[in-house]
Amino acid sequence: MLDYLDNVAAALLDTLALTAVAFSGAAVLGVMLAGCRISPVPALRHGAAALIGLARGVPLLCWLMAITFGLPALGLTLPLWHGAVLVLAGYTAAYYAGALHSGVLAVSGGEAEAARALGLTTRQVLACLIVPQALRLTLPVLGNITVGLLLNTALAGAVGVTELTTVAEAAAFETADPVSAFCTVGAVYAALAATITWLTRRAHKRFAFDPGPATRGALFDAPGRDARRRHRFVTAAVLSGTVALGAHAMVGMHASGELDPAAWAPFTYWPVWRFLLEGVTGTAVAAVLALALSLPLGLLLALVLARDTRPARWARWPARAYVEIVPLVPSLLWLYAAMLILPAFEVRFSPLGQLLVALTLPGTAAVALILLDALNALPRGQAEAAASLGLRTHTVIRSVLLPQAVTVAVPSLIGQATRTVKDTALGVLVGFAELLGHAQVISGTALIVLQPYLVAGALYLVLTLALGALTHARRTRRRSRATPPSRDALVPVT
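Rules behind the numbers
Residues numbered from 1 in each chain as written. Predicted model: local features only at pLDDT ≥ 70, side-chain atom pairs only at ≥ 80, totals over all residues. Heavy atoms only, no water. Helix = DSSP H or I, 4+ residues; strand = E, 2+ residues; numbered from the N terminus. Rg over C-alpha atoms; globule rule 2.2 N^0.38 Å. Buried < 20%, exposed > 50% of the residue type's maximum accessible area, 1.4 Å probe, protein only. Contact = heavy atoms within 4.5 Å. Axes fitted to C-alpha atoms, helices over the stretch in contact; angles between N-to-C directions. Parallel < 35°, antiparallel > 145°, perpendicular 65-115°, else oblique. Left-handed = near helix turned anticlockwise from the far one by under 90°. Nonpolar A, V, L, I, M, F, W, Y, C, P; charged D, E, K, R; others polar. Expected span 1.5 Å × (residues − 1). Polar contact = N/O pair within 3.5 Å; in protein donor to acceptor, adjacent residues only side chain to side chain. Patch = residues over 30% accessible without salt bridge, like charges linked within 9 Å, V, L, I, M, F, W, Y side chains within 5 Å. Areas by Shrake-Rupley, 256 points an atom, 1.4 Å probe, with all protein chains shown as cover. Salt bridge = Lys/Arg side-chain N within 4 Å of Asp/Glu carboxyl O. Phe/Tyr/Trp six-rings, centres within 6.5 Å; stacked < 30°, edge-to-face > 60°. 1 Å grid on protein atoms, 1.4 Å probe; cavity = no way out; pocket = protein on both sides within 12 Å on 5 of 7 lines; lining within 4 Å. Points joined across faces, edges and corners; volume = space filled by probe spheres on them.

Caption draft 1: Spotlight on the overall build of the protein chain. The number of helices and strands found in the protein chain is 19 helices and zero strands. Radius of gyration (C-alpha) of the protein chain: 25 Å, near the 23 Å computed for a compact globule of 494 residues. Dimensions of the protein chain along its principal axes, counting C-alpha atoms only, are 70 × 65 × 50 Å. Counting over 494 residues, the protein chain shows a buried share of 43%. Of the contacts formed within the protein chain by residues at least 6 apart in sequence, a portion of 81% connects residues at least 24 apart.

Shown next as structure tokens:
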């Protein structure tokens, strides 16, 4: 690898530039979407929610392929680097917007009412009171999303953008030494991600504060006659702009022939849909197997690291190293490790096995952190009281701690299942028969580009929305059992 240090350094600069530009665009767009999510205008709130759900419901690799190969079919040619920045910024902005929206909801509503009572305008309340607190509350989440943006730049190499992963792959094939190549690049990714994490923790430690108990209040006053007139005008402008943008897109697709019946004719035949549904089955099988491996392994790591489980001291260090280091390496590198490094040690997997390695290694760390947070959030006195009654440690874990922790962690575990479903799109890179791979096959055999990716994205969206509905139903059920419904709202209903 000493002969490739110049290439690695150049690729590192490309990766940093890709991350920085995408971060800038994602931050601006994320703040705008978050502002729309808390807007008193229903059209802005619902439109932003729809855009966020659409961006987060389709795998990033599917977006990259659709933009890279689909835009030229519409007559819009972008350089690969610019297209990757566009996709990364839009995809990450949806997560930034969700985090900021949650931070705004965590700020006490009474503060906004008190500020308005002192004569502050709505813009001053947001700029000087609500948004600064929301940023401070969500710093750890925003840092994790930024780390995810850095790791997601590895997927840009799958569509031809030069970055660290492409250099590692080229060096591995030219030197016939994949171990050194991918370990070097993996260490660089881990160092960059660890730096972002460290800076985020330092900033959170510096600016962290206790928001206090939530109080009843609204972010905006009930709209009066003039405000309702402005809301109707904004709603009409938003709807008109949406219709005009959609009409312009349809005209462009019609001019490029993407709306011709011949381009959509393959999807009028049942064998094509059966082929796509087989891809959905492959996606579901890979996701279920990855979760079946990640859940027990993650539970084991969480029990080793938990506060009240009393594990052996020597077991904590490797478990802590696993959950801290493995998530700092892109899943694509784990896929390449299973595909190129393990065969060097006479360990070979099928395409499904290679995909499971790439999904299970980071998935186990994610599950472990979710369950660890749930276990450590339980009152400490419960384990001590159970031990004082003579119960053994494994009985306390099985009968007292785990049932409560799993109940609390179910929504987060469903979110991890959603991420696993989207990450199965990596199987297209190793030839595994999953949904995106089948869409690519249809694109090559039917000589159409945009349509298969649109259909595949719609199917991915259905899968992720179904899992999201499970999370919402679970949270609603727990909330209805715990407390009566609250009348607090960002915008009072009039």
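Caption draft 2: Layout of the packing of helix H8 (residues 164-175) against helix H9 (residues 178-207). Running from N to C, H8 and H9 point in directions that differ by 165°, and their axes come no closer than 8 Å. Judged by the angle between their axes, H8 and H9 are roughly antiparallel. Crossing of H8 over H9 shows right-handed handedness. Every residue of H9 that contacts H8 at Leu164, Thr165, Ala168, Glu169, Ala171 and Ala172 is listed here: Pro178, Ala181, Phe182, Val185, Val188 and Tyr189. The residue makeup of the contact of H8 with H9, split by class, is ten nonpolar, one polar and one charged.

Caption draft 3: Spatial organisation of H9. Between its first and last C-alpha atoms H9 spans 43 Å; for 30 residues at 1.5 Å apiece the expected length is 44 Å, and the two agree. Among the residues making up H9, those that are buried are Pro178, Ala181, Phe182, Val185, Gly186, Val188, Tyr189, Ala190, Leu192, Ala193, Thr197 and Thr200. Buried-residue contacts for H9 involve helix H1 (5-37), helix H7 (139-152), H8 and helix H14 (331-341).

Caption draft 4: Representation of the environment of Thr68 within the structure. Following the sequence through the fold, Thr68 ends up in helix H3 (residues 60-73). The exposure class assigned to Thr68 is buried, which follows from its relative accessible area of 16%. In sequence terms Thr68 and Val87 are 19 residues apart; their C-alpha atoms lie 9.4 Å from each other. Not counting residues within four places of it along the chain, the set of residues in contact with Thr68 comprises Leu80 and Val159. A polar side-chain atom of Thr68 sits 2.6 Å from the main-chain carbonyl oxygen of Leu64.

Caption draft 5: Up close: unusual backbone geometry. Despite not being glycine, Ala176 shows a phi value in the positive range, around 55°. Positionally, Ala176 belongs in the loop between H8 and H9. Here the phi dihedral of Leu447 falls at roughly 60°; this positive angle occurs in a residue that is not glycine. Looking at the element boundaries, Leu447 is found in the loop between helix H18 (435-446) and helix H19 (450-482).

Caption draft 6: Seen up close, the environment of Gln416. Here Gln416 is to be found in helix H17 (residues 393-423). Taking the relative accessible area as the measure of exposure, Gln416 reaches 7% and is therefore buried. Along the chain, Gln416 and Leu467 lie 51 residues apart, while their C-alpha atoms are 10.0 Å from each other. Leave out the neighbours within four places in its chain, and Gln416 touches Gly363, Ala366, Val367 and Ile370.

Caption draft 7: Region of interest: a nonpolar patch on the surface. Residues Val28, Leu29 and Met32 make up a contiguous nonpolar surface patch of about 270 Å² in total accessible area. Looking at where Val28 falls in the secondary structure, it is placed in helix H1.

Caption draft 8: Inspection of the packing of helix H15 (residues 351-376) against H17 at higher detail. Running from N to C, H15 and H17 point in directions that differ by 150°, and their axes come no closer than 9 Å. Taken as axis vectors, H15 and H17 run roughly antiparallel relative to one another. Note on packing geometry: the crossing formed by H15 with H17 is right-handed. For the pair H15 and H17, the contacting residues are Leu355, Leu359, Gly363, Ala366, Val367, Ile370, Leu371, Ala374 and Leu375 in the first and Leu401, Leu402, Ala405, Ala409, Ser412, Leu413, Gln416, Arg419, Thr420 and Asp423 in the second. Among the residues forming the contact of H15 with H17, the class breakdown is 13 nonpolar, four polar and two charged.

Caption draft 9: Spatial organisation of the packing of aromatic side chains. Inspection of every chain in the model, using the stated rule, returns five aromatic pairs. Geometrically, the ring pair formed by Phe182 and Tyr336 is tilted, given 5.5 Å between the ring centres and 40° between the ring planes. Remark: Tyr336 occurs in helix H14 and Phe182 occurs in helix H9; sequence separation between them is 154 residues. Classification of Tyr336 by relative accessible area gives buried; the value is 7%. For the ring pair Phe267 and Trp273, a centre distance of 6.1 Å and an interplane angle of 65° mean the geometry is edge-to-face. Taken together, Trp264, Phe267 and Trp273 form an aromatic cluster joined through their ring pairs.

Caption draft 10: Summary view of empty space enclosed by the protein. Applying the stated criterion across every chain yields a total of one cavity of 30 Å³ or more. Within this model, the largest cavity holds a volume of roughly 30 Å³. Around the largest cavity, the lining residues are Ala306, Arg307, Asp308, Thr309, Leu375, Asn376, Leu378 and Leu401. Across the lining of the largest cavity, the residue classes break down as four nonpolar, two polar and two charged.

Caption draft 11: Representation of the side chain of Thr146. Within the fold, Thr146 resides in helix H7. For Thr146, a relative accessible area of 13% gives the class buried.

Caption draft 12: The pattern of salt bridges, seen in detail. The tally for this structure, following the rule as stated, stands at four salt bridges. Where Arg320 meets Glu324, a salt bridge forms, and the shortest distance between an N and an O atom there is 3.5 Å. One end of the pair is Arg320 and the other is Glu324, both in helix H13 (residues 313-325) and four residues apart, which spans about a single turn. Residue classification places Arg320 among the partly exposed positions, given a relative accessible area of 33%. We note a salt bridge from Arg348 to Glu346, for which the minimum N-O separation is 3.1 Å. Salt bridges sharing common partners tie together Arg201, Arg320 and Glu324.

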